[in-house]
Amino acid sequence: MATMAATFRAKTNFMKSWRPRNPPSNRDRLELYALHKQSVSGDAPAQDAPPGAPSADRAKLCAWRGKRGMGREDAMAAYMDECERQLRVYGTRGDDGRRQQQQRAGAASTSETASATTRGGETSASSRGSAPNSTTPQNTPANEGRTIRNVDGGGGGGRGNAVLLCPRGLAAIPLLCAAASESRSAYLARLQVTNPNDGWWAKQEPLCLEIDNPLSIPEKLIIALASQVEQISLVVSNYMGDGQTVSIMSPRVLQAFLWPIHNVLLCCWIVLILTTTCLGSMATMCRTLLFGAKRTNAPLGRLFAEEVLPSARATESLCEDHQVIGIRVAGLALMPLMMLCDFATSVAGRAGMLVGSLFFLGMGVCSWWYWVCVLPWLAVCGLCLAVMSGWCFGLIELAGN
């Protein structure tokens, strides 16, 4: 344990000075942050993020809670493995690469005081998380200061009133946007160092509802389809390339072909999360209007504050300039949802929560055709475009070999 702790402290100190050649994704930064926090502090606290906490803090708390139950020694080992993986994927900037490789070789023998290293590791992990600073990639939605509670989906905490449908899904949207912004070269580089049994999609689960809930089937279908696409991308190197069955073609050709499909499925997942949140808010409002807030434990004001208004702001963030084209198109497709949420919130503020809720429900029912017919049709069109553009990217890779 003493040797493991010394190596861990040396690794955190090294990562503090690491200058990646390509900016790590928010997903990978949060993974490092969560493993470091689990190694240093153990399980995350059960309390929810305070009201008004930045979305970056909520995302970090959610990532940390995802490591609950992992022993500190296991977390240290996982942290060091993740560091090595990110060093391979993202590289090291400029002439610092050779010097930092030497530092890595001697990291195990480096020893510093535990308190100083803990502070350094904490700072490093926090800065590698999704905290908004100068090194944050431009794919991070800038909707700080919005109140989205229950970042773990209501699984713990002292409130005991986890009635709202999808706060965890809303909190995950910035991370999904960051994943969708992964460039083709970064995507191909990540596949080269990813174990076929350790794919990113294979680790995902429904964010809107519990896994055993029948209503989570649409999310399960998207995740299952994306997992199959990713699995093909990961195992194709066993059959294509020099010395393989198909030796005339590099596996990168097929991987480049599947890259747009991966991105479109991420966009479809984001659209599904926001649509499910809206529909879930309507269902909960109906129950509250029929049975009362005391029985449902979901006051109308809380529904507007924690689901309706954050859904509008999350949709608005999809159309910001720093988002990739696929995310912007998804945001445009969800513009009716943003308008509905904003109008209903405005009516609730002027005429009261009861009138605002009735307006929200009435407009939602009148626009059923958009959610049931138009959005699925747009998703199918997006997948068709992804397949067609995939041929182009595959030909580009083939020409470059």
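These numbers come from a predicted model, not from an experiment. (Residues numbered from 1 in each chain as written. Predicted model: local features only at pLDDT ≥ 70, side-chain atom pairs only at ≥ 80, totals over all residues. Heavy atoms only, no water.)

### Things to note about the overall build of the chain
Secondary structure summary: the chain contains 16 helices and 0 strands in total. Contacts in the chain between residues at least 24 apart in sequence constitute 78% of all its contacts with a sequence separation of at least 6. As presented, the chain carries roughly 18700 Å² of accessible surface, and 61% of it is formed by carbon and sulfur atoms. (Helix = DSSP H or I, 4+ residues; strand = E, 2+ residues; numbered from the N terminus. Contact = heavy atoms within 4.5 Å. Areas by Shrake-Rupley, 256 points an atom, 1.4 Å probe, with all protein chains shown as cover.)

### A short note on the packing of aromatic side chains
Under the counting rule described, the total for this entry stands at 8 aromatic pairs. An angle of 35° between the planes, with centres 5.4 Å apart, marks the rings of Trp-201 and Trp-269 as tilted. A residue pair is termed long-range when its members are at least 10 positions apart, and Trp-201 in the loop between helix 8 (184-192) and helix 9 (217-235) and Trp-269 in helix 10 (residues 251-291) qualify at 68 residues. The pair Trp-201 / Trp-269 is uniform in exposure class, with both members buried. When the ring of Trp-259 is compared with that of Phe-393, the centres are 5.0 Å apart and the planes differ by 85°; the resulting orientation is edge-to-face. Here Trp-259, found in helix 10, pairs with Phe-393, found in helix 16 (residues 368-400); they are 134 residues apart in sequence, far enough to count as distant. Owing to a relative accessible area of 13%, Trp-259 belongs among the buried residues under this scheme. Across the ring face of Trp-64, the terminal group of Lys-37 is positioned such that the distance to the ring centre comes to 4.5 Å. Seen from the ring of Tyr-33, Lys-60 lies directly overhead, with NZ or CZ sitting 5.3 Å from the centre. (Phe/Tyr/Trp six-rings, centres within 6.5 Å; stacked < 30°, edge-to-face > 60°. Buried < 20%, exposed > 50% of the residue type's maximum accessible area, 1.4 Å probe, protein only. Lys NZ or Arg CZ within 6 Å of the ring centre and 35° of its normal.)

### Regarding the packing of helix 8 against helix 10
Where helix 8 meets helix 10, the axes come as close as 10 Å, and the angle between the chain directions of the two elements is 120°. By crossing handedness, the relation of helix 8 to helix 10 is classed as right-handed. Residues Arg-184, Tyr-187, Leu-188, Arg-190, Leu-191 and Gln-192 of helix 8 pack against Arg-252, Gln-255, Ala-256, Trp-259 and His-262 of helix 10. Across the contact of helix 8 with helix 10, the residue classes break down as 5 nonpolar, 3 polar and 3 charged. (Axes fitted to C-alpha atoms, helices over the stretch in contact; angles between N-to-C directions. Left-handed = near helix turned anticlockwise from the far one by under 90°. Nonpolar A, V, L, I, M, F, W, Y, C, P; charged D, E, K, R; others polar.)

### Description of the environment of Thr-277
Within the secondary structure, Thr-277 sits in helix 10. For Thr-277 and Pro-310, which are 33 residues apart along the polypeptide, the C-alpha to C-alpha distance reads 10.0 Å.

### Focus on the nonpolar core
With 56 residues, the main nonpolar core has Ile-173, Trp-269 and Phe-360 as its most contacted residues. Listed by contribution, the elements that provide at least two residues to this core are helix 7 (167-180), helix 9, helix 10, helix 12 (300-318), helix 13 (325-333), helix 14 (335-351), helix 15 (353-366) and helix 16. Once residues lying within four places of it in the same chain are set aside, the contact partners of Trp-269 are Leu-176, Trp-200, Trp-201, Gln-204, Glu-205, Leu-207, Glu-219, Ile-222 and Ile-223. Phe-14, Trp-18, Leu-35 and Leu-87 belong to the second-largest nonpolar core, a separate cluster that totals 13 residues. (Core = buried A, V, L, I, M, F, W, Y, C linked by side-chain atoms within 4.5 Å.)

### Quick look at unusual backbone geometry
In terms of backbone geometry, most residues other than glycine have negative phi values and most peptide bonds are trans. We note that Asn-297 has phi near 60°; this positive angle belongs to a residue other than glycine. Mapped onto the elements of the fold, Asn-297 is located in the loop between helix 11 (293-296) and helix 12.

### Quick look at the confidence of the model for the chain
Averaged over every residue, the pLDDT of the chain is 77; the share at 70 or more is 77%. Between residues 95-100, whose pLDDT stays under 50, and residues either more than four places distant or in other chains, the model counts 7 contacts. Contacts from residues 102-166, a stretch scored under 50 in pLDDT, to residues over four places away or in other chains number 149 contacts. (pLDDT = per-residue confidence, 0-100.)

### Points about a nonpolar patch on the surface
Judged by side-chain polarity, Leu-289, Leu-354, Val-355 and Leu-358 come together as a nonpolar surface patch covering roughly 330 Å² of accessible area. By relative accessible area, which is 47% here, Leu-358 ends up partly exposed. (Patch = residues over 30% accessible without salt bridge, like charges linked within 9 Å, V, L, I, M, F, W, Y side chains within 5 Å. Salt bridge = Lys/Arg side-chain N within 4 Å of Asp/Glu carboxyl O.)

### Digging into the pattern of salt bridges
It is possible for side chains of opposite charge to pair when their charged atoms get near one another. Scanning the entire structure with this criterion turns up 10 salt bridges. Ionic pairing is found between Lys-203 and Asp-198, a salt bridge with its closest N-O pair at 3.1 Å. For Lys-203, a relative accessible area of 54% corresponds to the exposed category. The partner of Glu-316 in a salt bridge is Arg-313, with the nearest N and O atoms 2.8 Å apart. One end of the pair, Glu-316, and the other, Arg-313, are both in helix 12, 3 residues apart, so they sit about a helical turn from each other. On the basis of relative accessibility, which here comes to 39%, the residue Glu-316 falls in the partly exposed class. Judged by relative accessible area, Arg-313 falls into the buried class, the value being 13%.

### Remarks on the side chain of Thr-92
Mapped onto the secondary structure, Thr-92 falls in the loop between helix 4 (72-90) and helix 5 (96-105). Within polar-contact distance, the side chain of Thr-92 engages the side chain of Trp-18 at 3.5 Å. (Polar contact = N/O pair within 3.5 Å; in protein donor to acceptor, adjacent residues only side chain to side chain.)

### A short note on the packing of helix 15 against helix 16
Interaxial distance between helix 15 and helix 16 falls to 4 Å at its minimum, and their mutual angle equals 40°. With respect to their mutual orientation, helix 15 and helix 16 come out oblique. Of the residues in helix 16, those touching helix 15 at Gly-364, Val-365 and Cys-366 are Trp-368, Trp-369 and Trp-371. Here the contact of helix 15 with helix 16 is composed, by residue class, of 5 nonpolar, 1 polar and no charged. (Parallel < 35°, antiparallel > 145°, perpendicular 65-115°, else oblique.)

### Concerning helix 3 (residues 55-65)
For helix 3, the buried fraction is high: 9 of the 11 residues fall into the buried class. For helix 3, every residue scored as buried is listed here: Ser-55, Ala-56, Arg-58, Ala-59, Lys-60, Leu-61, Ala-63, Trp-64 and Arg-65.

### Overview of helix 4
Taking 1.5 Å as the rise per residue, helix 4 with 19 residues should run 27 Å; its terminal C-alpha atoms sit 26 Å apart, in good agreement. Along helix 4, the residues classified as buried are Ala-75, Met-76, Tyr-79, Met-80, Glu-82, Cys-83, Arg-85, Gln-86, Leu-87, Val-89 and Tyr-90. Phi turns positive, to about 70°, at Gly-91, one or two residues after helix 4. (Expected span 1.5 Å × (residues − 1).)

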